[in-house]
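Architecture and fold: a report
Residues per chain, in single letters:
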Amino acid sequence: MTISSTTAVTRTNTNGSTHTFSFGHPFQDPDDLRVYLVTISTWAIALQTRDTHYTVSNNGNEDEVGGTITFINDLAVATAPATGKVCVILRRPDAVQDYNPGSIFEATQGEAALDRIYQMLQYLQLRSDRSIHLNDAYADATMELPDVATRASKSLVFDSSG
């Protein structure tokens, strides 16, 4: 598979009747996907769990790009999320390597590994593009904002020590 798109996230508004949501970004493993339902009125974020809240078609078939998320209920029956939410499908591959030392290294394994690296880089770029940046000189400093609901009606301020 060739990574020819920089898209790593799909957002779709829910309507209370649609239970399947398609996405076009490639993935290698269903566990590489994160699915969220975001309530528009409050910006509350609910991480969904595969095989509990949704299923995934394609399951990382290298011959296909993208797939479909189907929301399900407790009985594994397709169920539409309520109106007023946004379904966010994000490719977030774990930084793992799957090689067997001493085994024959085939070209398809190398290509799959490079694809995974580029998918991880695209995720990191997505995160970086949406972040507040500190100057590179502050190499040991970290900073993370709370979720939208927690920071609502709050301000980001700095005291005299910066």
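Up top is the structure these notes are about.
The following paragraphs examine the structure supplied in this document. Quick caveat, the model's predicted, so the values are computed rather than measured.

1. With respect to the layout of surface pockets
Considering only enclosed or pocket space, the largest pocket measures out at about 1200 Å³ in volume. Lining of the largest pocket is provided by 29 residues; of these, I45, R127, R130, L145 and R151 occupy positions nearest its centre. Counting residues per element, the ones that place at least two in the lining of the largest pocket are β1 (9–13), β3 (33–39), β7 (85–91), α1 (107–129) and α2 (148–151). When grouped by side-chain class, the residues that make up the lining of the largest pocket number 18 nonpolar, four polar and seven charged.

2. Description of the side chain of R34
The residue R34 is located in strand β3 in this model. Separated by 2.9 Å, the side chain of R34 and the backbone oxygen of D31 make a polar contact. Setting aside its immediate chain neighbours within four residues, R34 contacts L47, V88, I89, L90, R92 and D94.

3. A closer look at the nonpolar core
Counting twelve residues, the largest nonpolar core consists of F21, F23, F27, L33, V35, L37, Y54, V56, I69, F71, C87 and I89. Those elements that place two or more of their residues in this core are β2 (20–23), β3, β5 (54–56), β6 (67–71) and β7. The element contributing the most residues to this core is β3, with three residues. With residues up to four places along the chain from it excluded, the contact list for I89 reads A8, V9, T10, F21, F23, H25, R34 and I69. Judged by nonpolar contacts, the second largest core, of eight residues, contains V9, V86, L90 and Y123.

4. Brief notes about the pairing of β7
By the criterion of burial, β7 is predominantly enclosed, with six of the seven residues buried. In terms of strand pairing, β1 meets β7 through five bridges, oriented antiparallel. What sits directly across from N13, in β7, is V86. For β3 and β7, the ladder comprises seven bridges, and the chain directions are antiparallel. Looking at the pairing, R34 lines up with L90 of β7.

5. Things to note about the environment of V56
Along the chain, V56 falls in strand β5. The exposure class of V56 is buried, given its relative accessible area of 10%. A C-alpha to C-alpha distance of 9.0 Å links V56 and F71, two positions 15 residues apart in sequence. In this structure, V56 is in contact with F27, P30, L33, R50, T68 and I69, ignoring residues within four places of it in sequence.

6. A look at a positive patch on the surface
Taken together, the side chains of R11, R92, R127 and R130 define a basic patch exposed on the protein surface. Its place among the elements puts R11 in strand β1. Judged by its relative accessible area of 52%, R11 is exposed.

7. Structural notes on the packing of aromatic side chains
Within the structure shown, the criterion is met by two aromatic pairs. Between F21 and F71 the ring centres are 5.6 Å apart and the planes differ by 85°, which places this aromatic pair in the edge-to-face class. Placement of the pair is F21 in strand β2 and F71 in strand β6, with a sequence separation of 50 residues. Overall, the relative accessible area of 3% leaves F21 in the buried class. Between F23 and F27, the ring centres sit 5.5 Å apart and the planes meet at 50°, which makes this aromatic pair tilted. Taking relative accessible area as the criterion, F23 reaches 5% and is therefore assigned buried. Taking the relative accessible area as the measure of exposure, F27 reaches 1% and is therefore buried.

What counts and what doesn't
Residues numbered from 1 in each chain as written. Predicted model: local features only at pLDDT ≥ 70, side-chain atom pairs only at ≥ 80, totals over all residues. Heavy atoms only, no water. 1 Å grid on protein atoms, 1.4 Å probe; cavity = no way out; pocket = protein on both sides within 12 Å on 5 of 7 lines; lining within 4 Å. Points joined across faces, edges and corners; volume = space filled by probe spheres on them. Helix = DSSP H or I, 4+ residues; strand = E, 2+ residues; numbered from the N terminus. Nonpolar A, V, L, I, M, F, W, Y, C, P; charged D, E, K, R; others polar. Polar contact = N/O pair within 3.5 Å; in protein donor to acceptor, adjacent residues only side chain to side chain. Contact = heavy atoms within 4.5 Å. Core = buried A, V, L, I, M, F, W, Y, C linked by side-chain atoms within 4.5 Å. Buried < 20%, exposed > 50% of the residue type's maximum accessible area, 1.4 Å probe, protein only. Pairing = 2+ DSSP bridges. Patch = residues over 30% accessible without salt bridge, like charges linked within 9 Å, V, L, I, M, F, W, Y side chains within 5 Å. Areas by Shrake-Rupley, 256 points an atom, 1.4 Å probe, with all protein chains shown as cover. Salt bridge = Lys/Arg side-chain N within 4 Å of Asp/Glu carboxyl O. Lys, Arg positive; Asp, Glu negative; His and termini not counted. Charge placed at Lys NZ, Arg CZ, Asp CG, Glu CD. Phe/Tyr/Trp six-rings, centres within 6.5 Å; stacked < 30°, edge-to-face > 60°.

Scope: geometric values only; no functional claims are made or implied.
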